[in-house]
2 protein chains.
Amino acid sequence: MEGDPTLRLRVFDLNCWAIRYLSKRRQERIRLIGDMLRQEDFDLVLLQEVWSERDYSDLKVKLEGCYPFPHYFRSGVIGSGLCVFSRFPILDTLLYQYSLNGYPYMLQHGDWFCGKFAGSLGARQVLAWKLASLLPCSHQLHAEYCREKDAYLPHRLVQAWELAQFIRHTSKAADVVLLGGDLNMHPEDVGIRLLRGWTGLRDAFAEATHFEGCEDGCTLVPNNCFTDKSELLPFPLGIRIDYILYKAISSFMVKCEELKTTTGSAPGMDLPFSDHEAVMATLHIQRQGQAVGATLATAKPVLADVVTEARTEVGMGLQAAQRQRYSSGRMALLALLLLLLQAMAALGALAGLDAGQPFPKLSFCLLAFLAIGILLLATGLHLFHTMEVKMLHSTEEQMRMVLRMLQERP
Amino acid sequence: MEGDPTLRLRVFDLNCWAIRYLSKRRQERIRLIGDMLRQEDFDLVLLQEVWSERDYSDLKVKLEGCYPFPHYFRSGVIGSGLCVFSRFPILDTLLYQYSLNGYPYMLQHGDWFCGKFAGSLGARQVLAWKLASLLPCSHQLHAEYCREKDAYLPHRLVQAWELAQFIRHTSKAADVVLLGGDLNMHPEDVGIRLLRGWTGLRDAFAEATHFEGCEDGCTLVPNNCFTDKSELLPFPLGIRIDYILYKAISSFMVKCEELKTTTGSAPGMDLPFSDHEAVMATLHIQRQGQAVGATLATAKPVLADVVTEARTEVGMGLQAAQRQRYSSGRMALLALLLLLLQAMAALGALAGLDAGQPFPKLSFCLLAFLAIGILLLATGLHLFHTMEVKMLHSTEEQMRMVLRMLQERP
């Protein structure tokens, strides 16, 4: 960065809502996204919910000329859905899987199956400047299905905490850290305050000198023909859950010059890119004379309050998980007892040489299968909730450690 | 580090083999390990296979006075088994889960169930010196059960690769990086050459000025009363699979002054600490006048050869996984077909008003349950192998990217 002391970086972020067989007009929208990206001159494109590798391949072929460095984060049965297209060489990639991500038996929500991930990559700016490491994360947290009684809040807080820890650990030598994605959290939610406070990331919407797009920067708006209007009833303007966050480390300074969102449909078309609005930021990165030590964006007492609030929520989630672990364990025990009783009855019948078979064979057999089914299911649930308890406990402990540190050090 | 320019760091590493109900004389050995650690003045203690949290708590209580900063990495149903005791404050912790870890149906090996992890922590030396960040990883890779026909080699290579990537991403701002653990790989194995080559970590055994312990630094020796003698028949001296690796980044220099291993039993006792030998290193850390850029420990052409070798193995694993995915898919399809046939027969019988029931009801019912069982199992396997294919493919692709980079840049 010696020839020209500033770098203008254009970042594009979108939750593409590209689920095969389920998302409406998927292929058409993916084509539209590809066409637009080819026309515009972004430097970094962060996409989420590109669940089909074929969609990624189509985009890759189309964007080869203008974004020569693409990366798809492969993982899980269905994949991570995360991909990045970059004008700069991608030097390194790392994928981090959250330890908790909803419940396998909540089939209607399905978050558990498409395990949520944070992807990180090291890229290098190689134009006229000396290198500036970039660390963009394209990422998504567990969805919120009911704001009043949000059963997933503790899981989302664990994810926000793990994401913050992942960023802290992997970004120490970067000059600039970027995080873009659908975080499934409103700006004032405890999870986002925790993430921002603990990493020092700044919100491009709040910092932008110039903004253009949906009111309040909303990214899930009633104007969009694909959004569920009933879900947005309490929020007439829509909600903001897609973010571009950034910070500079060491001797760099970042400013958000401009932030834009799409407004319910692709520019000049009547079809939106997705059910989410795209977020586009123009950042100015400048080398400073002097290296500045890492600072927290939030004052320590405020951060301590946020961590305390998050810890309380995680603690409540822990109690709920312990209750569920207990009841699934009891259910497994009851099923085992029933099986044992049946085995004794069968043995008794055999020993009595078929004298007094109290039950027709078929019903007896069906009952045994039922008991086996319940035993397997309840054991599975018990193991699952045991794991949940461990992870919630571990997060709560880490938060306690951080709180002690925040309170101790002046 | 301005007052005294050098720091002497004593590191202890041991795979404790502390599996509840399975490991022999577990509690006695844990007590012995605790007593020894309290007497010796190590700075960092990295333990693996401490599967029971009660064992950890016992150690924690016993070592409170001399190692005031302990950490247990909680995760999964059984846990990670990893814990650290430190004389220095632990500032931050992060746990990384490998994407592949054996097969759930290989019950006799059980690796899949105790998901293997790499734990990382940032610690700070706060005595008379200025801070030196330490990043110890206590960690373990998938076990090797048959060296001649090692079905787990591709998984172990994926883990070695992921561990190397994890270290590269999380250690950039550390002054000194330490990795201690049971890596389940012989020193000449491709996995360890890959890990060392790609991270630049040095092997304390190879670098030590003074060595004391089992011949060739072996850590699984026939002398130890808990080792399986038949497994060690091809290796009369034993094998070396537990390591302490290190490197200095930025303006520090690390030298291994002394390396010791236990020799089949705890000093002055007839009982070993574990079925593995403990590894103890004394490192000298010195501040250098000038910052040195990160270097690879292995020359680029050699590293390219290692990555190529690993990539070939991963590619072979990928082919095997694709075959297994295909056959489990076929099996699921056949079971589904059988179920459909049965349903048709049942419907036919119902329509014909029980006229020609060709099968006794009980056998018919049992056959249906069998088909359902096979369908579920085969579908589960198919999903599992789909995930395996994705991860192997992703690793192969990353290796290809690195190879291109190694070949391109002078």
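Residues numbered from 1 in each chain as written. Chains lettered and ligands numbered in written order. Predicted model: local features only at pLDDT ≥ 70, side-chain atom pairs only at ≥ 80, totals over all residues. Heavy atoms only, no water.

For chain A, the name recorded in an unreviewed UniProt entry is sphingomyelin phosphodiesterase, with Oxyruncus cristatus as its organism. Entered under Sequence similarities (unreviewed entry) in the UniProt record, the comment concerning chain A runs "Belongs to the neutral sphingomyelinase family." Check the Subcellular location (unreviewed entry) section of the UniProt entry for chain A; it says "Membrane". (UniProt positions renumbered as here; feature names shortened; annotations may be inferred.)

What's the story with the pattern of salt bridges in this structure? I'm lost.
Once their charged atoms are close, side chains differing in charge can pair, the charge on each being opposite to the other. Residues and elements named next belong to chain B. The tally for this structure, following the rule as stated, stands at 26 salt bridges over all chains. A salt bridge links D41 to R10; its shortest N-O distance comes to 2.7 Å. Of the two residues, D41 sits in the loop between α1 (26-39) and β2 (44-50) while R10 sits in strand β1 (residues 6-18), which places them 31 residues apart along the sequence. On the basis of relative accessible area, D41 is assigned to the partly exposed category, the value being 46%. With a closest N to O distance of 2.8 Å, D203 and R240 form a salt bridge. On the criterion of sequence distance, the pair formed by D203 in strand β9 (residues 202-203) and R240 in the loop between β10 (210-212) and β11 (242-248) is long-range, its members being 37 residues apart. Considered together, D203 and R240 belong to a single accessibility category, that of buried residues. (Salt bridge = Lys/Arg side-chain N within 4 Å of Asp/Glu carboxyl O. Helix = DSSP H or I, 4+ residues; strand = E, 2+ residues; numbered from the N terminus. Buried < 20%, exposed > 50% of the residue type's maximum accessible area, 1.4 Å probe, protein only.)

Is there a simple way to think about the interface of chain B and chain A in this case?
Size of an interface, as often reported, equals the accessible area lost when the parts are brought together. Tallying the contact residues gives 41 residues for chain B and 42 residues for chain A. With both chains or domains summed, chain B and chain A bury close to 3,800 Å², and 60% of this area falls on carbon and sulfur atoms. Our count for the contact surface shared by chain B and chain A stands at two salt bridges. Across the pair K390(A) and E53(B) runs a salt bridge whose closest N-O atoms are separated by 3.9 Å. Our count for the contact surface shared by chain B and chain A stands at zero residue pairs in polar contact (both at pLDDT 80 or more). Contributing elements (two or more residues each) for the side of chain B that touches chain A: β5 (90-97), β6 (117-124), α3 (153-170) and α7 (361-408) of chain B. Top contributing element to the side of chain B that touches chain A by residue count: α7(B), with 16 residues. Among the residues forming the side of chain B that touches chain A, the class breakdown is 19 nonpolar, 12 polar and 10 charged. (Contact = heavy atoms within 4.5 Å. Buried area = accessible area lost by both parts, 1.4 Å probe. Polar contact = N/O pair within 3.5 Å; in protein donor to acceptor, adjacent residues only side chain to side chain. Nonpolar A, V, L, I, M, F, W, Y, C, P; charged D, E, K, R; others polar.)

Hey, could you run me through α1(B) in this one?
With 14 residues, α1(B) should cover 20 Å at 1.5 Å per step; its first-to-last C-alpha distance of 20 Å lies within 8% of that length. Regarding α1(B), the residues found buried are R26(B), R29(B), I30(B), L32(B), I33(B), G34(B), M36(B) and L37(B). (Expected span 1.5 Å × (residues − 1).)

Sorry if this is basic, but what is going on with the domain arrangement of chain A here?
All names here are of chain A. Entries for chain A in the domain assignment read domain 1 (6-287) and domain 2 (299-351 + 358-407). The contact between domain 1 and domain 2 buries some 1,700 Å² in all, and 77% of this surface belongs to carbon and sulfur atoms. Here domain 1 is connected to domain 2 by one salt bridge. For the salt bridge of E309 with R193, the shortest nitrogen-to-oxygen distance reads 3.2 Å. The interface formed by domain 1 and domain 2 contains three residue pairs in polar contact (both at pLDDT 80 or more). When residues of the side of domain 1 that touches domain 2 are traced back to their parent elements, those giving at least two are α3 (153-170) and α4 (190-199). Among the elements that line the side of domain 1 that touches domain 2, the one with the most residues is α3, at eight residues. In terms of residue class, the side of domain 1 that touches domain 2 is made up of 13 nonpolar, five polar and two charged. (Domains from an automatic or database assignment.)

Teacher, can you tell me more about the packing of aromatic side chains here?
The relation between two aromatic rings is expressed through the spacing of the ring centres and the mutual angle of the planes. Across all of its chains, the model carries 13 aromatic pairs over all chains by this definition. For the pair F205(A) and F211(A), a centre-to-centre distance of 5.0 Å together with 90° between the ring planes defines the contact as edge-to-face. Residue F211(A) is classed as partly exposed on the basis of its relative accessible area, which comes to 28%. Where Y56(B) meets F85(B), the ring centres are 5.8 Å apart and the plane angle is 35°; that geometry is what we call tilted. Of this pair, Y56(B) sits in helix α2 (residues 53-63) while F85(B) sits in strand β4 (residues 83-86), and the two are 29 residues apart along the sequence. F85(B) carries the same exposure label as Y56(B), and that label is buried. (Phe/Tyr/Trp six-rings, centres within 6.5 Å; stacked < 30°, edge-to-face > 60°.)

Is there a simple way to explain the packing of helix α4 (residues 190-199) of chain B against helix α6 (residues 300-351) of chain B in this structure?
Angle between the axes and distance between the axes are the two parameters that describe a pair of packed helices. Residue and element names in this part refer to chain B. In contact at an axis separation of 9 Å, α4 and α6 are set at 135° when each is read in the N-to-C sense. With respect to α6, the element α4 is oriented oblique. Judged by the sense of rotation from one axis to the other, the crossing of α4 with α6 is left-handed. Of the residues in α6, those in contact with V190, R193, L194, G197 and W198 of α4 are L303, V306, V307, E309 and A310. (Axes fitted to C-alpha atoms, helices over the stretch in contact; angles between N-to-C directions. Parallel < 35°, antiparallel > 145°, perpendicular 65-115°, else oblique. Left-handed = near helix turned anticlockwise from the far one by under 90°.)

Any chance you could explain the sheet that holds strand β12 (residues 252-261) of chain A here in plain terms?
Hydrogen bonds along the backbone pair up the strands of a sheet, which may run parallel or antiparallel. Residues and elements named next belong to chain A. The seven strands lie next to each other as β3-β4-β2-β1-β13-β12-β10, forming an open sheet whose pairing is mixed. Of all strands in the sheet, those bounded by a partner on one side alone are β3 (69-72) and β10 (210-212). This sheet shows a mean twist of 20° between the axes of neighbouring strands, independent of strand direction. Pairing of β3 with strand β4 (residues 83-86) involves four bridges; the strand directions are antiparallel. Bridge pairing in β4 links H71 to V84. Contacts between helix α1 (residues 26-39) and the sheet are confined to β1 (6-18) and β2 (44-50), with β1 contributing the most and set at about 175° to the helix. (Pairing = 2+ DSSP bridges.)

Would you mind showing me how to read the side chain of R29(B) here?
Residue and element names in this part refer to chain B. By secondary structure assignment, the location of R29 is in helix α1. Of the side chains with opposite charge, D275 comes closest to the buried, unpaired R29, at an N-O distance of 6.2 Å. Side-chain polar atoms of R29 contact the backbone oxygen of C16, separated by 2.9 Å. Apart from residues lying up to four places away in sequence, R29 is in contact with C16, W17, S23, K24, F226, L271, P272, F273 and S274. (Lys, Arg positive; Asp, Glu negative; His and termini not counted.)

I'm lost on the relation of the copies chain B and chain A in this one. Help?
Two copies of a chain can be linked by a rotation about an axis combined with a shift along that same axis. With an RMSD of 0.0 Å, the fit of chain B onto chain A corresponds to turning through 180° and sliding 0.0 Å along the axis. Between the two chains, the operation in question is that of a two-fold axis. Measuring from the rotation axis to each C-alpha of chain B, the shortest distance belongs to T170(B), at 2.2 Å. When the interface residues of chain B are mapped onto chain A, 100% of them again fall at the interface, so both copies present the same face. (Least-squares fit on C-alpha atoms with pLDDT ≥ 70 in both.)

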